[in-house]
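What follows is the residue order along each chain.
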Amino acid sequence: MKQFKSFVIKEFCQIFRDKRTLLILLAMPLILVFLLGYAIKTEINDARIAVFDPSKDVETQRIKERFQASEYFTLAGELVEAGQINDVFKYGDIDMVLVFSGNFAEELLHGGEAAVQLIADATDPNQAAMLTGYASGVLADCQAELLEQYGVPFQIGTEIRMLYNPQSESAYNFVPGVMGLVLMLICAMMTSVAIVREKETGTMEVLLASPMKPVHIILSKMAPYFTLSVANIVTILLLAVFVMGVPVRGSLFWLAVASVLFIFVALALGLLISTLVSKQMAALLISGIGLMMPTLVFSGLIFPIESMPDALRWISNLIPARWYISAVRKIMIEGVGVQCYLEELGIIALMALVLMAAAWKNFKVRLA
């Protein structure tokens with residue numbers, strides 16, 4: 001029994017000496033509970049809506065006030081003409097547009113029935129379905145108020161239009177997200193592990209001492225993963241178009257530019273991780289937990305960013321996959337012009353430059 005006790009004490013001492021293991025055992029459960037139980041919500045709050053209201057009567061004003069008072073929606077603006085409806089979706093500033101007829105109050109009060117058109121951005125079909133469901137609920141409450149006020153069963157009908165994805169195919173949202181995850185997995189995780197393997201076995205110092213320049217050694221380590229990433233993107237696109245029926249409505253050139261920029265970001269992250277650790281297991285843990293988890297949680301692929309607290313929304317701005325997935329959706333699904341996703345391309349390019357500079361500087365300090 002005394003020997004057993006000494007071995008248990010030894011194991012505890014080993015765990016407490018390893019700060020990384022201790023962090024995973026004690027901190028990770030708290031972080032996951034905080035993110036999944038409090039910060040991350042599947043419901044949508046403060047969705048941005050625009051209104052096209054040519055009628056501008058008392059009843060349409062009543063409905064707009066009800067939407068503004070709802071926790072699910074934020075009235076982001078009013079449109080002057082119908083031609084603006086498609087334009088507001090191109091830049092991703094609006095999630096849904098509420099469209100009234102020109103004689104809404106007259107049709108409702110004299111004809112007993114009027115319709116409201118709900119136009120939602122269905123590049124994320126689940127979010128679009130939830131938004132139109134919430135909006136239909138608000139309109140039903142307005143209809144109940146009219147019944148209570150006038151004693152007449154007025155009918156407010158809803159006409160739902162799913163923009164960019166009328167069939168609400170989940171693959172339209174799934175494919176851009178998979179592209180981001182695959183690139184992060186292959187480039188960042190595999191690159192970091194490959195370089196750390198050389199350090200762990202002691203061969204990296206031998207390579208750096210060879211006549212070959214250090215930059216050429218690192219580029220030679222990254223080249224296979226760059227090539228494999230490009231091949232995977234081509235394969236995913238072929239499967240998406242010819243098997244899943246996902247369209248590529250925009251420019252293939254700009255889709256390639258966005259993908260190459262994101263590959264450089266992921267490769268730089270892998271190189272940076274390799275300069276921070278000396279063990280393959282540590283590289284796997286950091287790249288898996290430090291990159292894959294944030295990509296899944298903060299990229300908007302699974303959880304709507306609009307529903308997150310302000311602090312987490314700010315964190316999501318630092319996640320490269322968020323901007324890449326947004327750009328791919330605009331290129332593939334929406335088919336908009338380059339001016340609509342220049343912001344995303346610029347942010348990804350800036351991240352690539354900053355991360356490459358930081359990774360290379362840190363690499364030279366640690367190994368050169």
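Owing to the predicted nature of the structure, the values given are computational and were not obtained by experimental measurement.

**Looking at the overall build of the protein chain**
Looking only at helices and strands, one finds 14 helices and five strands in the protein chain. Taking all 368 residues of the protein chain together, the buried fraction comes to 45%. Sequence-distant contacts in the protein chain: of pairs separated by 6 or more residues, those separated by 24 or more amount to 77%. For the protein chain, the exposed area adds up to about 18500 Å²; of that, 65% sits on carbon and sulfur atoms.

**Examining the layout of surface pockets**
In this approach a probe as big as a water molecule rolls over the atoms, and the regions it shows empty are the leftover space. In this model, the largest pocket occupies a volume close to 700 Å³. Along the wall of the largest pocket there are 29 residues; nearest its centre are Arg-48, Gly-92, Glu-306, Arg-322 and Ser-326. Listed by contribution, the elements that provide at least two residues to the lining of the largest pocket are α6 (125-150), α12 (310-316), α13 (320-334) and α14 (342-367). It is α13 that provides the largest number of residues to the lining of the largest pocket, a total of six residues. Tallied by class, the residues present in the lining of the largest pocket amount to eight nonpolar, eight polar and 13 charged.

**Things to note about the nonpolar core**
Formed by 78 residues in total, the largest nonpolar core has its most connected members in Phe-89, Val-97, Met-179, Met-184, Val-246, Tyr-324 and Met-332. Broken down by element, this core gets its largest block of residues, 15 residues, from helix α7 (residues 171-201). By size, the runner-up hydrophobic cluster in this structure holds 28 residues, among which are Ile-49, Phe-104, Ala-114 and Val-138.

**Here we look at the environment of Asn-45**
In this structure, Asn-45 sits in the loop between α2 (19-39) and β1 (47-52). With a relative accessible area of 15%, Asn-45 lands in the buried category. Residues contacting Asn-45, with those up to four places away along its chain left out, are Glu-71, Tyr-72, Glu-306 and Ser-307.

**Quick look at α7**
Note that an α-helix has 3.6 residues per turn; residues three or four places apart therefore point the same way. Helix length check: α7, at 31 residues, gives a terminal C-alpha distance of 43 Å against a target of 45 Å (1.5 Å per residue), a fit within 8%. Burial analysis of α7 places 23 of its 31 residues in the buried class, the great majority of the element.

**Here's the deal with the confidence of the model for the protein chain**
Taken residue by residue, the protein chain gives an average pLDDT of 81. The fraction at 70 or more is 85%. Mean pLDDT across the elements of the protein chain ranges from a minimum in α2, with 63, to a maximum in α13, with 91.

**Some words on the sheet that holds β1**
Here five strands make up an open sheet; going across it, the order is β2-β1-β3-β4-β5 and the pairing mixed. Of all strands in the sheet, those with a lone pairing partner are β2 (73-79) and β5 (155-163), marking the two edges. Along the sheet, successive strands turn relative to each other by an average axial angle of 25°, direction set aside. Inspection of the sheet shows β1 paired to β2 by six bridges, in the parallel sense.

**Observations concerning the UniProt feature "transmembrane region" (unreviewed entry) in the protein chain**
Taking the UniProt record as the reference, the feature "transmembrane region" (unreviewed entry) is found at residues 21-40, 174-196, 222-246, 252-277, 284-305 and 345-363. For residues 222-246, the end-to-end C-alpha separation is 31 Å, with 84% helix and 0% strand making up the annotated structure. In the segment residues 252-277, helix accounts for 96% and strand for 0%; the C-alpha atoms at its two ends are 38 Å apart.

Calculation rules
- Residues numbered from 1 in each chain as written.
- Predicted model: local features only at pLDDT ≥ 70, side-chain atom pairs only at ≥ 80, totals over all residues.
- Heavy atoms only, no water.
- Helix = DSSP H or I, 4+ residues; strand = E, 2+ residues; numbered from the N terminus.
- Buried < 20%, exposed > 50% of the residue type's maximum accessible area, 1.4 Å probe, protein only.
- Contact = heavy atoms within 4.5 Å.
- Areas by Shrake-Rupley, 256 points an atom, 1.4 Å probe, with all protein chains shown as cover.
- 1 Å grid on protein atoms, 1.4 Å probe; cavity = no way out; pocket = protein on both sides within 12 Å on 5 of 7 lines; lining within 4 Å.
- Points joined across faces, edges and corners; volume = space filled by probe spheres on them.
- Nonpolar A, V, L, I, M, F, W, Y, C, P; charged D, E, K, R; others polar.
- Core = buried A, V, L, I, M, F, W, Y, C linked by side-chain atoms within 4.5 Å.
- Expected span 1.5 Å × (residues − 1).
- pLDDT = per-residue confidence, 0-100.
- Pairing = 2+ DSSP bridges.
- Axes fitted to C-alpha atoms, helices over the stretch in contact; angles between N-to-C directions.
- UniProt positions renumbered as here; feature names shortened; annotations may be inferred.

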